[in-house]
Amino acid sequence: MVKDLFERIQNNKGPLGKWASQAEGYFVFPKLEGELGPRMQFGGKDILNWSLNDYLGLANHPEVRKADTEAAVQYGAAYPMGARMMSGHTKYHEQLENELAAFVKKESAYLLNFGYQGIMSTIDALATKNDVIVYDVDAHACIIDGVRLHMGKRFTYRHNDLASMEKNLQRATKLAEVTGGGILFITEGVFGMRGQQGKLKEIVAMKEKYNFRLLVDDAHGFGTLGKTGAGAGEEQGCQDGIDVYFSTFAKSMANIGAFIAADKDIIDYLKYNLRSQMFAKALPMIQTIGSLKRLELLRNHPELKDKLWENVNALQNGLRERNFNIGDTNTCVTPVYLEGSVPEAMIMVNDLRENYGIFLSIVIYPVIPKGIILLRMIPTTSHTLSDVEETLTAFEAIREKLENGTYKEIASRTTVDLDA
């Protein structure tokens, strides 16, 4: 007997979906209102927001808003109609690609209409069934989904573990010698959950011993790391060793879209083999022209990054001085690790939002191990030092309530019908 396809879906909502009845509209899919920035509204109340990836504060920069508006007036939301290869190609797309390539010190670049599908398609185009992929076990979902498209062999290595990397490169080398293929090594410039930089310099050094090509997803590094803001490769002095560089516009550029950069022959190949771009509408003119303005500001106003890091250092140093565990982050991403159950986490975040006016991202089991609560903050250029002090005071208060059992006692009187 053939089962109804939807039977499984109706009986098992998935590891996150099972929380929907209690979490949706508040802990997930919250409705933030007001101008994008540190001060917004949630549930009718003013909140201090640490949950936007607008690192450089460009989302509401007056020059950005002006460029976006003028592009919308001149071209509307539809222009250009069609895929780049067919009818969606413009001089502005080419200009943005040339400027991005020069900024990240690569020969050539290609725009992607969306970051997630773009890197998936890049992985799919770079590796054939005879090739072997080696990637970090903590890689972002877009990388994992891209690897799932791969019809050949793949190996994961322990997160940022050099010995594990080398072991799996040895395994990949033996296999590739049999299949006659090559090796694609994938990592991230910045791991967005923990805030650690990928060990790019050490990985590039391994090229002296192993024959592989390196793809780096630098979504959180672009604009925030390196002397000029060109990312984690620039920060670590190994940009030349990155064979294919990827970043999204959804973080420092406060926009939609993404790009890949590499040697010209590689980009020329990808232009004709990236299915997600060949068969999809080109990046609209509003985003394209708007990104040109954003990149101009990023290049010409280093004070934006300087202010970002002033806020990052104030927040992270303040947390460390108060004995909060923020792991080994060495980027703007600021995780705070606490011990507690899922119900305690829900009560605590509710307290933060309702009584302290602090809005941030919460990460719980099964995304992280059971018994751990991760509060993730993204400092931006737009935050102030008084925002930092307000947050540090609130964190001291909620930690005391977590440790003295206040949240546990409240949780025991609250209906939480899920395994925590």
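Predicted model only: the values in this text are computed from it and were never measured. (Residues numbered from 1 in each chain as written. Predicted model: local features only at pLDDT ≥ 70, side-chain atom pairs only at ≥ 80, totals over all residues. Heavy atoms only, no water.)

### Looking at the sheet that holds strand β9 (residues 244-248)
- The strand order across the open sheet formed by seven strands is β4-β10-β9-β8-β7-β5-β6, and the pairing between neighbours is mixed. On the outer flanks of this sheet lie β4 (108-112) and β6 (153-157), each paired with one strand and no other. Here the average twist between neighbouring strands, direction ignored, is 20 degrees.
- Of the strand pairs in this sheet, strand β5 (residues 132-136) and β6 are connected by five bridges, and their pairing is parallel. (Pairing = 2+ DSSP bridges. Helix = DSSP H or I, 4+ residues; strand = E, 2+ residues; numbered from the N terminus. Axes fitted to C-alpha atoms, helices over the stretch in contact; angles between N-to-C directions.)

### Details of the domain arrangement of the protein chain
- Domain assignment breaks the protein chain into domain 1 (5-55 + 302-413) and domain 2 (62-300).
- Put simply, the middle of domain 1 and the middle of domain 2, counted by C-alpha atoms, are 28 Å apart.
- On the domain 2 side, the residues contacting the 21 residues of domain 1 number 22 residues.
- Counting each side, the surface lost to burial between domain 1 and domain 2 is near 1600 Å², with a carbon and sulfur contribution of 53%.
- Here domain 1 is connected to domain 2 by one salt bridge.
- Of the charged contacts in the structure, one is a salt bridge between E35 and R65, with a shortest N-O distance of 3.1 Å.
- Elements that contribute at least two residues to the side of domain 1 that touches domain 2 include exactly α13 (302-321), β11 (334-339) and β14 (372-377).
- The leading source of residues in the side of domain 1 that touches domain 2 is α13, at five residues.
- Taken together, the residues of the side of domain 1 that touches domain 2 sort by class into twelve nonpolar, four polar and five charged. (Domains from an automatic or database assignment. Contact = heavy atoms within 4.5 Å. Buried area = accessible area lost by both parts, 1.4 Å probe. Salt bridge = Lys/Arg side-chain N within 4 Å of Asp/Glu carboxyl O. Nonpolar A, V, L, I, M, F, W, Y, C, P; charged D, E, K, R; others polar.)

### A closer look at the pattern of salt bridges
- According to the stated counting rule, one finds 23 salt bridges in the structure shown.
- The partner of R413 in a salt bridge is E409, with the nearest N and O atoms 2.7 Å apart.
- For E409, a relative accessible area of 40% puts it in the partly exposed group.
- One network of salt bridges, with partners in common, ties together R39, D387 and E390. (Buried < 20%, exposed > 50% of the residue type's maximum accessible area, 1.4 Å probe, protein only.)

### Looking at empty space enclosed by the protein
- For the structure on display, the rule yields three cavities of 30 Å³ or more.
- Forming the walls of the largest cavity are G37, P38, N49, W50, S51, L52, D54, T380, S382 and H383.
- Partitioned by chemical class, the residues of the lining of the largest cavity number three nonpolar, six polar and one charged.
- In this structure, the second largest cavity spans a volume of roughly 50 Å³.
- Per-element tally for the lining of the second largest cavity: the top contributor is β4, with three residues. (1 Å grid on protein atoms, 1.4 Å probe; cavity = no way out; pocket = protein on both sides within 12 Å on 5 of 7 lines; lining within 4 Å. Points joined across faces, edges and corners; volume = space filled by probe spheres on them.)

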